[in-house]
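The lines below spell out each chain.
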Amino acid sequence: MSTPKDAPPNPPDLNPPNPNPSPANPNLSWRGSLRLRLTAVFGLLFFIAAAAVLAGALILVRNSMQYSLDIVFSPGHAADSDAATKSIIMESMRANLLTKGGLTVLGVGLLATTAGWLAAGHLLRPLSQITSTAERIAGRTLHRRIALDLPPGEVKRLADAFDRMLDRLDSAFAGQERFIANAAHELKTPLVINRTLVEVAMNRRDAPAEIHQLGENLLAVNARHERLIDALLTLARAEDALTDRVPLDLADVCSTVLAAAEPEAARLGIRLEPSLGPAPAVGDPILLEQLVRNLVDNAVRYNERGGWVQVGTRRGTHGPQVVVTNTGAMISAHEIPVLFEPFRRLTDRVGSARGSGLGLSIVRAVAQAHGGSVNAVPGLAGGLSVHVALPAQYAVAGVKRV
């Protein structure tokens, strides 16, 4: 049959075939079929148990018959009627079968249960491997894959589907991070140009006082925008997998941050109270310094005149810890989750000059990138206490001082 001339061309295939397709019918790949293997194993166990019970029954019947005949035909046994002899034989066989048969069934049942336990563990070992990989991936390592080395079957198809899903997620997150980095770079370029133009205009000899005042305001706004973009870059980097892990001491990191925050705290009349015990850890030094810096800056910025900021480090039971506590306004417990959301604050707008609204979001992202956690509780008289804990695998006995 000929095709009409005005017939539209065949539409392109929007779903190209998978280069590594899984078998449509898992029963065709009997070597990797978990269902078939379970059926074969438990069927084999059943036949083995039934054969054991049959063999045991034959042995018990033989022993019972021999035992009964020995009683009936013993030299000291008087000759009875056939009915009496039959009754004695049946009674002795019943007692013997109940005792020894029960022990046989119990032994075979225990052996079958043990064999089933071992067989199930062997057959479910690939699922345990998938679970372990999924748990490691849940710890923010999208670069891992299951790569299960098994014949095609239900478990192999599940592992391959999971790996393909991870490939798509990894590509999506990588594309998002590249987009954020490129967007931040493109945004910083005009800001640098604007700052240069404003500074040139302010430094002209014939520039009036109004130009100087306007230039200072524009430079302040420009600097805030640059800090916002730097915070976005830090947040994007913190949410990625860690690539730089070096031994350090959180006490040294806090000491460096406190020295940098001392002038601003003195200007605001806030007292800094360090309590820095040894807290050896392994991690990204730049991100961990940013974590502590954001905590201290927030504690100083959202404090009250004459208040204080306590910064402590210690080696906890489960890993190194950092605790930053400050005085300030009263905060309700239900308001604390809002503080860790990006661009969210309690009292002031995002557009204010006090901050970008990303400080605690970066703290949480950095802690999670290191496998740790962040908890905050309000103070009884106001203020906030933020507790950062890293897991034990990020703690070391000896570290390089930085």
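Refer to the structure presented above.
Residues numbered from 1 in each chain as written. Predicted model: local features only at pLDDT ≥ 70, side-chain atom pairs only at ≥ 80, totals over all residues. Heavy atoms only, no water.

## Thoughts on the overall build of the protein
Worth spelling out the cut-off: Strands are runs of DSSP state E lasting at least two residues, helices are runs of H or I lasting at least four, and both sets are numbered from the N terminus onward. Burial status follows relative accessibility: with a 1.4 Å probe on protein chains alone, a residue under 20% of its type maximum counts as buried, one over 50% as exposed, and anything between as partly exposed. It only takes one pair of heavy atoms within 4.5 Å for two residues to be counted as in contact. Accessible surface area values rest on a Shrake-Rupley calculation with a 1.4 Å probe, where residue burial reflects the displayed protein chains alone.
Assigned secondary structure in the protein consists of nine helices and seven strands. Expressed as a percentage of its 402 residues, the buried residues of the protein come to 33%. Partitioning the contacts of the protein with sequence separation of at least 6, the portion at a separation of at least 24 is 71%. Total accessible area on the protein is roughly 25100 Å²; 62% of this is exposed by carbon and sulfur atoms.

## Focus: helix α6 (residues 250-267)
Side chains that are three or four residues apart share a direction in an α-helix, a result of its 3.6 residues per turn. Heads up, the condition is: Expected span, for any helix, means 1.5 Å times one less than how many residues it has. Bend is the name given here to the angle between axes fitted to two runs of seven residues, the run ending at a residue and the run starting at it. Polar contacts, as used here, are pairs of N or O atoms within 3.5 Å; protein pairs need one atom able to donate a hydrogen and one able to accept it. Residues neighboring in sequence count only if both atoms are side-chain atoms.
Helix length check: α6, at 18 residues, gives a terminal C-alpha distance of 26 Å against a target of 26 Å (1.5 Å per residue), a fit within 8%. At alanine 261, α6 is deflected by roughly 45°, the largest bend along its length, and proline proline 263 occurs up to four residues later in sequence. Those residues of α6 that sit buried are Leu250, Ala251, Asp252, Val253, Cys254, Val257, Leu258, Ala261 and Ala265. On its buried side, α6 packs onto β1 (246-249), β2 (271-276), β3 (280-283), α7 (285-301), β4 (308-315) and β5 (320-326). At the N-terminal end of α6, a side-chain oxygen is found 2.9 Å from the backbone nitrogen of alanine 251, two or three residues along, and the residue is aspartate 249. Following α6 by one or two positions, glycine 269 adopts a phi angle in the positive range, close to 70°.

## With respect to the environment of isoleucine 48
Mapped onto the secondary structure, isoleucine 48 falls in helix α1 (residues 34-72). Isoleucine 48 sits in the partly exposed class, given a relative accessible area of 48%. For the pair isoleucine 48 and alanine 112, spaced 64 residues apart in the sequence, the C-alpha separation amounts to 8.5 Å.

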